[in-house]
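Examination of the molecular architecture
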Number of protein chains: 2
Amino acid sequence: MRSFQELMARAVGTREKVLAVVAAHDDDVLLSIKEAYAQGLARAILLGDREKIVRLAAEINMDLSSHWIIHQPDPEEASRLAVSLVREGEADILMKGLLPSPVILKEVLHRERGLRTENILSHIAVFEVPGYDRLFFMSDSGLNIAPSLEVKIGMVKNAVALAHRLGIEQPRVAIIAGIELVNPDMPSSVDAALIAKMAERGQIKGCLVDGPLSLDLAVSEEAARAKGVGGAVAGRADILIMPGIDAANVLYKAIGFLVRSVITGIILGAKAPIILTSRADTAKAKLYSIALSSLIVEDGQSEREKPRLVQFGR
Amino acid sequence: MRSFQELMARAVGTREKVLAVVAAHDDDVLLSIKEAYAQGLARAILLGDREKIVRLAAEINMDLSSHWIIHQPDPEEASRLAVSLVREGEADILMKGLLPSPVILKEVLHRERGLRTENILSHIAVFEVPGYDRLFFMSDSGLNIAPSLEVKIGMVKNAVALAHRLGIEQPRVAIIAGIELVNPDMPSSVDAALIAKMAERGQIKGCLVDGPLSLDLAVSEEAARAKGVGGAVAGRADILIMPGIDAANVLYKAIGFLVRSVITGIILGAKAPIILTSRADTAKAKLYSIALSSLIVEDGQSEREKPRLVQFGR
């Protein structure tokens, strides 16, 4: 996958999806949905403060007649209802609007009525960098604070499954550490070596894995060559598995604020993709995350019926 | 300090320094010394393989008559001699050429004949990013793997002393974590909160400190405003103290390979500045680290005598 442009082009070809949007009274959220609808990607069930939604939509000349509104200003109630809509198949994708992440995640993770599967949940960020020929996928800057080896393996599996959905048959996975050597004093390098060896032994499938690799050795063929680091991944990684949330967040923010490139992300591993962008993300980043989610929705039907829930809506 | 250009302009005004360069037989190292000499910054005692040094110098049209060569191809012996030159005041700055860092560091850290002081040793990286109005100082991507709270405080003190030398009277120090909230499950955020409070109580002086801050909130006033994070540091940090080497290395490599901006660095806290750039760094990065070192050499004399060691040299 070379760029966000290619991602968009692919997503536009799929059937229109339905978003369940919690606390939808946010201008950038509505703007991204307006654009997603215009491109045939999705329409939305907007849960939140109806009056605010209508006012904000008017400000951006958004026609609400193609969407549904459910007036539920309470964030917890709105989260619960949106999650149930996704669980029952009324919506394909869960999207967070103007509310704190923990509120919506609590419903997602609820043991009975949540969206858990046997997989771990992990966040994946997607970004492009001028001068590089591919999109990068990075995990986990949003959810797993200090991932154990087991959680990191789950992060790899979720990322690889996503790459397969996007048509990347053998994604190259770099397990990142501060150094490319195995150093018993650096847990990140030890975990990286173990995951790489597990993949070599066939314990992780459908991808090429190497680590420990520092960021430059993962992304830049020139750096890998200069340092004499070979293998199928060095310099050509699609997926970057970060050692912890501190390093992952630094990379996420460096892309946004120092490279000044678009970065977006979603949560993988639940029954449906979850868009958990933050207020700081632009409408464009939110649109890309809708496109990304759209491509990974498990899909039997070629054309779905409108949600039964329309009765609540208008 | 607004830019590397300003750094260079300042350094050019100081007296010429003497570098002790270990394993100087490296083209980029020699190129940076040639340029440093041309600008009146420094001349060098070149320890290494004389024949290779002479050949490489010829290739870049470097006149060796202003420098001294000591033929010592053994890296350990060369390290030992170079460190003694610095310790005895024959040279102002120690510079690493083509040898593994641990070899030279072993001599630097030697309890009797090394360059230790009462300070901890820490690495500081310096970089500029297009669109930002100042140089950034970042610690520690090179030396301290998993810094304890105590070591982090030492990193802050070293960085602040450097900033003072560069004329930044009250440097703004951001202690970086993956989040701006204090989260007991994230040691980085806990350490950051403690260091910030210590500075507030006057336990760390000569600077303004805040943390935990994520990278965007540290560097971008817009991001800080959008998130409602106030204080004297948010959005205006000069110094970034990273939670560990994984995150620090990711930022270092992101600057070099994703932002594609110059990043350089030196080691602080020893009796003299130590230039420990890697082969991957450009000659320009090495030149900037000579300029940076040049500005922080403790300086009594306005004009120094030529090294007595000239007798070994020619």
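Given the structure is predicted, the values throughout are model-derived calculations rather than measurements. (Residues numbered from 1 in each chain as written. Chains lettered and ligands numbered in written order. Predicted model: local features only at pLDDT ≥ 70, side-chain atom pairs only at ≥ 80, totals over all residues. Heavy atoms only, no water.)

Points about the overall build of chain A
Scanning chain A for helices and strands turns up 12 helices and 11 strands. What you see for chain A is a C-alpha radius of gyration of 20 Å, in line with the 20 Å of a compact globule of 314 residues. The dimensions of chain A, computed from C-alpha atoms along their principal axes, are 65 × 40 × 35 Å. With 314 residues in all, chain A has 59% of them scored as buried. Of the contacts made within chain A by residues no fewer than 6 positions apart, 71% connect residues no fewer than 24 positions apart. Positive and negative charge centroids in chain A, built from 37 and 39 side chains respectively, lie 2 Å apart. (Helix = DSSP H or I, 4+ residues; strand = E, 2+ residues; numbered from the N terminus. Rg over C-alpha atoms; globule rule 2.2 N^0.38 Å. Buried < 20%, exposed > 50% of the residue type's maximum accessible area, 1.4 Å probe, protein only. Contact = heavy atoms within 4.5 Å. Lys, Arg positive; Asp, Glu negative; His and termini not counted. Charge placed at Lys NZ, Arg CZ, Asp CG, Glu CD.)

Quick notes on the interface of chain B and chain A
In this assembly, 33 residues from chain B lie in contact with 33 residues from chain A. On the surface where chain B and chain A come into contact, there are two salt bridges. The interface formed by chain B and chain A contains 10 residue pairs in polar contact (both at pLDDT 80 or more). Those elements that place two or more of their residues in the side of chain B that touches chain A are helix H8 (215–219) and helix H10 (245–259) of chain B. If you tally residues by element for the side of chain B that touches chain A, the top one is H10(B), at 12 residues. (Salt bridge = Lys/Arg side-chain N within 4 Å of Asp/Glu carboxyl O. Polar contact = N/O pair within 3.5 Å; in protein donor to acceptor, adjacent residues only side chain to side chain.)

With respect to the relation of the copies chain B and chain A
It takes a turn of 180° to lay chain B on chain A, together with a shift of 0.0 Å along the axis; the resulting RMSD is 0.0 Å. The superposition of one copy onto the other is thereby described by a two-fold rotation axis. Among all residues of chain B, the one whose C-alpha sits closest to the rotation axis is B:Ala247, at a distance of 1.9 Å. Mapped onto chain A, 100% of the interface residues of chain B again fall at the interface, so both copies present the same surface. (Least-squares fit on C-alpha atoms with pLDDT ≥ 70 in both.)

Some details on the pattern of salt bridges
This model, assessed by the stated rule, comprises 22 salt bridges over all chains. In this structure, B:Arg2 engages B:Glu6 in a salt bridge whose closest nitrogen and oxygen atoms are separated by 3.5 Å. What makes B:Arg2 exposed here is its relative accessible area of 58%. B:Arg113 is paired through a salt bridge with B:Glu107; the nearest N and O atoms lie 2.8 Å apart. Note on B:Glu107: relative accessible area 8%, which makes it buried. One connected set of salt bridges, linked through shared partners, spans A:Lys197, A:Glu200 and A:Arg201.

Regarding helix H11 (residues 283–296) of chain A
Given a rise of 1.5 Å per residue, 14 residues ought to cover 20 Å, and the 20 Å separating the end C-alpha atoms of H11(A) matches this to within 8%. The buried fraction of H11(A) amounts to 13 of the 14 residues, a majority that puts the element mostly inside the structure. (Expected span 1.5 Å × (residues − 1).)

Details of the nonpolar core
Residue and element names in this part refer to chain B. Within the largest apolar cluster, 62 residues are counted, with the highest numbers of intra-cluster contacts made by Leu19, Val21, Ile33, Leu46, Phe137 and Val173. The biggest single contributor to this core is helix H6 (residues 149–165), with eight residues. Sequence-distant contacts of Ile33, that is, excluding residues within four places in its chain, are made with Leu19, Val21, Ala44, Leu46, Met62, His67 and Ile290. (Core = buried A, V, L, I, M, F, W, Y, C linked by side-chain atoms within 4.5 Å.)

Observations regarding the confidence of the model for chain A
Residues and elements named next belong to chain A. When pLDDT is averaged along chain A, the result is 93, and 95% of the positions lie at 70 or above. Scored below 50 in pLDDT, residues 310–314 makes 12 contacts in the model with residues more than four places away or belonging to other chains. Predicted as a complex, the structure gets a pTM of 0.90 and an ipTM equal to 0.87. (pLDDT = per-residue confidence, 0-100.)

Some words on the packing of helix H4 (residues 75–87) of chain A against helix H5 (residues 101–108) of chain A
All names here are of chain A. The contact between H4 and H5 brings their axes to 9 Å, and the two run at 40°. Regarding the angle of H4 to H5, the classification is oblique. Note on packing geometry: the crossing formed by H4 with H5 is right-handed. Note on element contacts: H5 touches H4 through Val103, Ile104, Glu107 and Val108, opposite Pro75, Glu76, Ser79, Arg80 and Val83. Here the contact of H4 with H5 is composed, by residue class, of five nonpolar, one polar and three charged. (Axes fitted to C-alpha atoms, helices over the stretch in contact; angles between N-to-C directions. Parallel < 35°, antiparallel > 145°, perpendicular 65-115°, else oblique. Left-handed = near helix turned anticlockwise from the far one by under 90°. Nonpolar A, V, L, I, M, F, W, Y, C, P; charged D, E, K, R; others polar.)

Let's talk about the environment of A:Lys284
Along the chain, the position of A:Lys284 falls in helix H11. C-alpha separation for the pair A:Lys284 and A:Ala177, spaced 107 residues apart in sequence, amounts to 31 Å.

Brief notes about the side chain of B:Asp92
Residues and elements named next belong to chain B. Relative to the assigned elements, Asp92 resides in the loop between helix H4 (75–87) and strand S4 (93–96). Judged by relative accessible area, Asp92 falls into the buried class, the value being 7%. Engagement of the side chain of Asp92 in a polar contact is seen with the side chain of Arg15, the distance being 2.9 Å. A distance of 2.7 Å separates a polar atom in the side chain of Asp92 from the backbone nitrogen of Val18.

Overview of the environment of A:Pro73
Residues and elements named next belong to chain A. Structurally, Pro73 is set in the loop between strand S3 (68–71) and H4. On the basis of relative accessible area, Pro73 is assigned to the partly exposed category, the value being 43%. Each C-alpha atom, one on Pro73 and one on Ala24, is 9.5 Å from the other, the two residues being 49 residues apart in sequence. Those residues in contact with Pro73 that sit more than four places away from it in its chain are Gly48 and Asp49.

Section: unusual backbone geometry
Following A:Gly211, the chain continues into A:Pro212 via a peptide bond in cis, with omega recorded as 0°. For A:Pro212, the location among the structural elements is in strand S8 (residues 208–213). The linkage connecting B:Ser139 with the following residue, B:Asp140, adopts the cis geometry, with an omega of 15°. Relative to the assigned elements, B:Asp140 resides in the loop between strand S6 (136–139) and H6. Even without being glycine, A:Arg260 reaches a positive phi, approximately 60°. Its location among the elements puts A:Arg260 in the loop between helix H10 (245–257) and strand S10 (263–268).

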